[in-house]
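Notes for the structure review
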Amino acid sequence: MKKTAIILVNLGTPDAPTPKSVRRYLKEFLSDTRVIEIPKLIWQVILTGFVLTTRPKRVAHAYASIWMDDGSPLLVILKNQAKDLQDLLSQQGIKTPVYPATTYGNPSIKSVIEDLLADGVSSLIVLPLFPQYSATSTAAAFDKIAKLLLHKRQLPELHFITEYHNHPTYIEALAQSVERYWAVHGRADKLLMSFHGIPKPYADKGDPYPEQCRTTAVLLADRLGLSINEWAMSFQSRFGAQEWLKPYTDELLGEWGAARLSVQVISPAFSADCLETLEELAVENKDNFLQAGGRAYDYIPALNTDELHIQMMAELVKQYI
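Computed from a predicted model, the values in this text were never measured in an experiment.

Glancing now at the sheet that holds strand E4 (residues 157-160). Pairing within the open sheet is parallel, and its four strands lie in the order E2-E1-E3-E4. What marks the edges here is a single partner per strand, and that holds for strand E2 (98-105) and E4. Ignoring which end each strand starts from, the neighbouring axes of this sheet average 25° apart. Of the strands in this sheet, strand E1 (4-13) and E2 touch helix H3 (residues 73-91), which is tilted by about 155° from E2. Of the strands in this sheet, E1, E2, strand E3 (123-128) and E4 are in contact with helix H5 (residues 138-149), which crosses E4 at around 170°.

Here it is, written out as structure tokens:
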């Protein structure tokens, strides 16, 4: 029988909340042509001359505010997700090991796969934990694998799961997480589904990400029984001067704050809480919303190690075992 392994992939994280570590991480991340499509020579001048000289200190401060005893929240959660998935599969009689890996930073996709191949693994099931497909995230993870295997004499069997934006168990997990939050905290005037943004030109070239985000949002709103006036979707975390997908999360929250509304925010594009949710959404946007006049603001955590979330992962990978 083939020796099989499952790899859960997330974007990545610095090794430490320090400017040096953040600079190293940002250099790897922002040098990827899947992420930044500006001509390479021009972008390298901007990256080394401006971005990497100004952003690391500020970003390191933000990471320090959310850092956990065991490390970056994203990596801590990713490791726990891998353990929980392996435990669930084992309970179901499937003894396939599960490993965490990151597109950027450590543990890298390259190091994880190299170790597995050296150990005799001949079949890989790779699940990038990006519900909605984008060339900037899912394809970037695939590129790392393709580059590693490019010159291998003997290739492993590879099953690469590209997206799960409308998977019934994923939608149900999101819905139940919102309903549990409502049961404890009550409901706000608005539920905002904030997705990570991408530059608009990427979507214009055919990236399916915005349409998959809209599908997820509509399915979740329908499952929760929300009327059109009770929810909205937006895009966060824009970077640089070019136009990104709209509406922008910060601008929409500013409008709602001025209207003195209450809001609860969920970010369905994130499978694990990280800098963009714990600092940007839960703190920075909350402060701006309240300063604009908003009455109440709450962030609903990502699915993380939610039981249904892990069950969905099992459903996705089991078809290839």
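Cross-referencing UniProt, the feature "binding site: Fe(2+)" (unreviewed entry) maps to His196 and Glu276 in the present numbering. A maximum C-alpha distance of 8.3 Å places the annotated residues, which cover 81 residues in sequence, within one compact spot. If you trace the backbone, histidine 196 turns up in strand E5 (residues 190-196). Of the residues examined, histidine 196 reaches a relative accessible area of 24% and is grouped as partly exposed.

Once that is clear, we can look at the pairing of E2. The buried count for E2 comes to seven of eight residues, which makes it a mostly enclosed element. Sheet topology note: the E1/E2 ladder contains seven bridges and is parallel. Counterpart to isoleucine 6 in the pairing with E2 is valine 98.

Before going further, it helps to examine the environment of threonine 216. Mapped onto the elements, threonine 216 comes out in helix H8 (residues 209-224). Those residues in contact with threonine 216, other than ones at most four positions away along the chain, are Gln132, His165, Tyr170, Ile171, Leu174, Phe195 and Pro268. At 3.1 Å, the side chain of threonine 216 forms a polar contact with the side chain of glutamine 132.

Glancing now at the pattern of salt bridges. Here the structure, examined in full by the defined rule, presents 18 salt bridges. We note a salt bridge from aspartate 87 to lysine 83, for which the minimum N-O separation is 3.0 Å. One end of the pair is aspartate 87 and the other is lysine 83, both in helix H3 and four residues apart, which spans about a single turn. For aspartate 87, a relative accessible area of 32% gives the class partly exposed.

Moving on: the environment of glutamine 92. Turning to its location among the elements, glutamine 92 is positioned in the loop between H3 and E2. In this structure glutamine 92 comes out as partly exposed when scored by relative accessible area, which is 39%. As a C-alpha pair, glutamine 92 and alanine 314 span 222 residues in sequence and 9.8 Å in three-dimensional space. Engagement of the side chain of glutamine 92 in a polar contact is seen with the side chain of lysine 318, the distance being 3.1 Å.

A few words now on H3. For H3, spanning 19 residues, the distance from its first C-alpha to its last is 27 Å, which sits close to the expected 27 Å at 1.5 Å a residue. Tucked inside the fold, the buried residues of H3 contact E1, helix H2 (40-66), E2, helix H10 (275-291) and helix H11 (307-318). Taken from the residues just after H3, glycine 93 is the one with a positive phi, measuring 85°.

According to the domain assignment, the chain consists of domain 1 (4-164 + 307-319) and domain 2 (168-299). Once you take the C-alpha centre of each, domain 1 and domain 2 turn out to be 23 Å apart. Each partner contributes to the interface: domain 1 provides 32 residues, whereas domain 2 provides 25 residues. Summed over both sides, the interface of domain 1 with domain 2 buries roughly 2300 Å², with 66% coming from carbon and sulfur. When the buried surface of domain 1 facing domain 2 is broken down by residue, Glu37, Gln132 and Leu308 rank first, second and third, together holding 28% of it. Counting the contacts that link domain 1 with domain 2 gives one salt bridge. Between lysine 205 and glutamate 37 there is a salt bridge; the shortest N-O distance is 2.9 Å. Only H2, H3 and H11 provide two or more residues apiece to the side of domain 1 that touches domain 2.

Rules used in this analysis
Sequence positions are assigned chain by chain, starting from 1 and proceeding in written order. Since the coordinates come from a predicted model, pLDDT governs what is reported: local features require at least 70, and pairs of side-chain atoms require 80 or more to be given and counted, while whole-chain, interface and lining totals use all residues. Excluding hydrogens and water, the side-chain values take into account all heavy atoms of the structure. We call two strands paired when DSSP finds no fewer than two bridges between them. The numbering of helices and of strands both runs from the N terminus, where a helix is a DSSP run of H or I of at least 4 residues and a strand a run of E of at least 2. Axis angles are defined between N-to-C directions and span 0 to 180 degrees, where every axis is a line fitted to C-alpha atoms and, for a helix, only to the segment in contact. Residue contacts follow a heavy-atom distance rule, with two residues in contact if any of their heavy atoms lie within 4.5 Å. UniProt positions are given in the numbering used here, feature names are shortened, and annotations may be inferred rather than shown by experiment. Whether a residue is buried, partly exposed or exposed follows from its accessible area with a 1.4 Å probe, protein chains only, as a fraction of its type maximum: under 20%, in between, or over 50%, in that order. Polar contacts, as used here, are pairs of N or O atoms within 3.5 Å; protein pairs need one atom able to donate a hydrogen and one able to accept it. Residues neighboring in sequence count only if both atoms are side-chain atoms. Here, a salt bridge means any Lys or Arg side-chain nitrogen found within 4 Å of an Asp or Glu carboxyl oxygen. To estimate the expected span of a helix, subtract one from its residue number and multiply by 1.5 Å. Residue ranges assigned to each domain were obtained from an automatic or database domain assignment. Two parts placed together each lose some accessible area under a 1.4 Å probe, and the buried area is that loss summed for both.

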